[in-house]
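Observations on the three-dimensional arrangement
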Amino acid sequence: MDVEEFWALIGEACAEVDALELDFDDRRDAIEHACQERLVSRMPAEIIQFSLRLWQLRDHAYRYDLWAAAFLIEGWWSDDAFMDFRDGLISLGRHWYERALADPDSLADHPAVRDGGDVLIGNEDFSRVAHRAYQRLTGEPDGLDEALGASPEAGPLSAMIEPTGARWDVTDDDEMRRRLPRLAGIFLD
């Protein structure tokens, strides 16, 4: 499964879930379920590839500017929470993922973000979608982890230990307003 196939699967799942017109909190579970259902109809090797693509996209978004946006939107600063944020960002679909990478401040346009409030883009369960699908398909609870461990493609993915880009003090409201003015306008003003 290449990145285009990955995004096509996510796009189909997003279209299905968006047609249900769920509130944003209910969407997180629904998107995980819709992706899982699509994955269990595929071969185990495709689920492994899906997991690798998810890992690559998550690592590609491991940047300080996105971390700062997550801090404004979700109100915390931890590596685990930021991993959940990146998984949730991917689960929003290619459009939002690519917009956020091009300009993290563009997340101010997302319907769940623009009105402020208690928004959680983070989607911890989405990180397990491939694991759950692989287990359902093969009956092997740790099978995906073993397959990923044996994959030469996974090696470089486990090497990233620090976000990329310029780091700044996310507790400095003036700096946040300067770097992420639209998000700061929603969450700081």
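These notes cover the structure that comes with them.

Conventions we followed
Residues numbered from 1 in each chain as written. Predicted model: local features only at pLDDT ≥ 70, side-chain atom pairs only at ≥ 80, totals over all residues. Heavy atoms only, no water. Patch = residues over 30% accessible without salt bridge, like charges linked within 9 Å, V, L, I, M, F, W, Y side chains within 5 Å. Areas by Shrake-Rupley, 256 points an atom, 1.4 Å probe, with all protein chains shown as cover. Salt bridge = Lys/Arg side-chain N within 4 Å of Asp/Glu carboxyl O. Lys, Arg positive; Asp, Glu negative; His and termini not counted. Charge placed at Lys NZ, Arg CZ, Asp CG, Glu CD. Helix = DSSP H or I, 4+ residues; strand = E, 2+ residues; numbered from the N terminus. Buried < 20%, exposed > 50% of the residue type's maximum accessible area, 1.4 Å probe, protein only. Polar contact = N/O pair within 3.5 Å; in protein donor to acceptor, adjacent residues only side chain to side chain. Contact = heavy atoms within 4.5 Å. Core = buried A, V, L, I, M, F, W, Y, C linked by side-chain atoms within 4.5 Å. Arc of directions from axis to C-beta. Phe/Tyr/Trp six-rings, centres within 6.5 Å; stacked < 30°, edge-to-face > 60°. Expected span 1.5 Å × (residues − 1). Disulfide = S-S within 2.5 Å.

**Observations concerning a negative patch on the surface**
- On the surface, a cluster of negative charge is contributed by Glu140, Asp142, Asp145 and Glu146.
- Here Asp145 is to be found in helix 9 (residues 143-150).
- Its relative accessible area of 41% is what places Asp145 among the partly exposed residues.

**Things to note about unusual backbone geometry**
- In this structure, Glu21 takes a positive phi of about 50 degrees despite not being glycine.
- Following the sequence through the fold, Glu21 ends up in the loop between helix 1 (3-19) and helix 2 (24-39).

**Focus: the side chain of Ser106**
- Inspection of the secondary structure puts Ser106 in the loop between helix 6 (94-102) and helix 7 (111-114).
- Among the polar contacts made by the side chain of Ser106, one reaches the main-chain carbonyl oxygen of Arg99 at a distance of 3.2 Å.
- If we skip the residues at most four places from it in the chain, Ser106 touches Trp96, Arg99, Ala100 and Arg182.

**Observations regarding the nonpolar core**
- One finds Phe6, Phe50, Leu107, Phe126 and Leu183 to be the most contacted residues of the largest nonpolar core, which totals 61 residues.
- Not counting residues up to four positions away in its chain, the partners in contact with Phe6 are Met1, Phe50, Arg53, Leu54, Leu57 and Ile90.

**Remarks on helix 6**
- For helix 6, every residue scored as buried is listed here: Trp96, Tyr97, Ala100 and Leu101. Around the axis of helix 6, the buried residues are gathered within 130 degrees of arc, so they sit on the same side.

**As for the packing of aromatic side chains**
- Inspection of the entire model under this criterion finds 8 aromatic pairs.
- Linked through ring pairs, Tyr62, Tyr64, Trp67, Phe82 and Phe85 together constitute an aromatic cluster.

**Some remarks on the pattern of salt bridges**
- Enumeration over the complete set of coordinates arrives at 19 salt bridges.
- The closest approach of N and O atoms between Arg38 and Glu16, which form a salt bridge, is 2.8 Å. Taken as a pair, Arg38 in helix 2 and Glu16 in helix 1 lie far apart in primary sequence, 22 residues in all.
- Ionic pairing is found between Arg58 and Asp87, a salt bridge with its closest N-O pair at 2.7 Å. Highlighted residues: Arg58 in helix 3 (residues 44-60) and Asp87 in helix 5 (residues 79-91), separated in sequence by 29 residues. Of the two residues, Arg58 and Asp87, both sit in the buried class.

**Section: the environment of Glu74**
- Here Glu74 lies in helix 4 (residues 64-74).
- Since its relative accessible area comes to 9%, Glu74 is described here as buried.
- Apart from residues lying up to four places away in sequence, Glu74 is in contact with Phe85, Val119, Leu120, Ile121 and Gly122.
- Among the polar contacts made by the side chain of Glu74, one reaches the main-chain amide nitrogen of Ile121 at a distance of 2.5 Å.
- A polar contact of 2.6 Å, which involves the side chain of Glu74, links it to the backbone nitrogen of Gly122.

**Thoughts on helix 2**
- If you check helix 2, its first and last C-alpha atoms are 23 Å apart, about what 16 residues at 1.5 Å a residue would give, namely 22 Å.
- For helix 2, the full list of buried residues reads Phe24, Arg27, Arg28, Ala30, Ile31, Glu32, Ala34, Cys35, Gln36, Arg38 and Leu39.
- Elements in contact with the buried residues of helix 2: helix 1, helix 3, helix 5, helix 7 and helix 8 (129-138).

**Some thoughts on the state of the cysteines**
- Per the stated rule, a full pass over the model turns up 0 disulfides.
- Cysteine Cys14 shares no disulfide, and the gap to the nearest cysteine sulfur, in Cys35, comes to 6.7 Å.
- For Cys14, a relative accessible area of 7% translates into the label buried.

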